[in-house]
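Coordinate inspection notes
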Amino acid sequence: MARDKSQENHASPPNDRAIIRGTKRNAQDVIGLIVDQQSQFSKTNRRIAHAILSEPHSFVEKPIEELTTWLDVSAPTITRFSRMLGCDGLKDLKLKIMGSVRIGIRYLEPQTPPGSIAEVAERVSKRAQKTIADMHHNVDLERAQAVVEKISVCHTLYAFGSGGVSSWLIEEIQNRFFRLGIRVVPCQDHQMQFMLATAVDRTDVVICCSLTGANVELEKAVAVAREYGATTIALTPSGTPLAAAVDELLPINSPPDEDILSPASIRYAYMIAIDIISYGVAIARKDAGREKLRRLKQQLAVARDAAQTQPLCD
């Protein structure tokens, strides 16, 4: 049955007007606004929202004449919907939808997830194996050797990183290198990183981890550390601002996972890089590193009365 579109030209219902008042002008993540507020929309506006979320490309590509037929709503209704979301009109709404889709299309149209826990385990394992194998074959050995030489003779190793993965990677750096007799100072806070950078000496090394290589605050800390003579190192993708900001780069170039639900397998590439460096440093430090490892094993064995083959507190 055809809808009476004349009724849609009246003012928006109270709940939609409340949304208009609560919406920030020029909000860029229009998809996020729709997802967050769609339950409060009127029935007509929910139909428009559903079309945008389910078929964003079609919504953007259709002219207003086709949209009114496709959605069975009037042109003024679409205009009001656009303004309700903080847009100047339909054109502005389409531009922001395009921006959201360009950035997050994988989140709007995700791949088919695994059908069982067995398939989950298989996908995770295979992606980890592939990432480790790629890192093994593509690691820049010359640069890795240069990093080993700098760290093996440093007085203090500062490990800087922030974010979901980089923050625990620097803790792994501390875990790897303290046992080799190297003083390690990990830091996740940008302000503290900046202050620590002012306290470095020429015998110190600052190593940074960043999965994107685009971290302005980290670049500032690196610049300060270099000003005071410390050697700066980055584990980060090549061609990034952070890669260009440091003295030594060990590039980590791994393609992003297409499955947004799966944990990022690039973590394994960084862990392999850290293990390669720490193993190289252990060999370079010879007796100094060996003695620290002996002490650690001695005290753990006494405290735990454990077998000699247990790992060194890993």
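The structure under discussion appears in the preceding block.
Keep in mind that this is a model prediction, so the values were computed, not measured. (Residues numbered from 1 in each chain as written. Predicted model: local features only at pLDDT ≥ 70, side-chain atom pairs only at ≥ 80, totals over all residues. Heavy atoms only, no water.)

**Overview of the sheet that holds strand E5 (residues 248-251)**
The parallel open sheet is built from five strands, whose spatial order is E2-E1-E3-E4-E5. Looking at the sheet topology across the chains shown, the edges are occupied by strand E2 (183-187) and E5. Taken over all neighbouring pairs, the strand axes of this sheet differ in orientation by 15 degrees on average, direction set aside. Of the pairings in the sheet, the one linking strand E1 (residues 156-160) to E2 comprises five bridges and is parallel in character. Counted as the bridge partner of Leu157 is Val184 from E2. Lying on the sheet, helix H9 (residues 141-152) is in contact with E1, strand E3 (205-209), strand E4 (231-236) and E5; it crosses E5 at an angle near 130 degrees. (Pairing = 2+ DSSP bridges. Helix = DSSP H or I, 4+ residues; strand = E, 2+ residues; numbered from the N terminus. Axes fitted to C-alpha atoms, helices over the stretch in contact; angles between N-to-C directions. Contact = heavy atoms within 4.5 Å.)

**So, H9**
Because an α-helix completes one turn every 3.6 residues, residues spaced three or four positions apart along the sequence face the same direction. An ideal rise of 1.5 Å per residue puts 16 Å on twelve residues; H9 measures up with 16 Å between its terminal C-alpha atoms. By the burial criterion, the buried members of H9 are Ala144, Ala146, Val147, Val148, Ile151 and Ser152. At its buried positions, H9 is contacted by E1, helix H10 (166-177), E3, E4, E5 and helix H14 (266-285). Capping the start of H9 is the job of one residue whose side-chain oxygen sits 3.3 Å from the backbone nitrogen of Glu142: Asp140. (Expected span 1.5 Å × (residues − 1). Buried < 20%, exposed > 50% of the residue type's maximum accessible area, 1.4 Å probe, protein only. Polar contact = N/O pair within 3.5 Å; in protein donor to acceptor, adjacent residues only side chain to side chain.)

**Here we look at the pairing of E1**
Of all the five residues making up E1, five are buried; the element is thus mostly covered by neighbouring parts of the structure. Residues Thr156, Tyr158 and Phe160 line one face of E1 and the alternating positions Leu157 and Ala159 line the opposite face, and both faces are buried. Pairing analysis gives four bridges linking E1 to E3, with the strands arranged parallel. Across the sheet, the residue bridging to Leu157 is Val205, located in E3.

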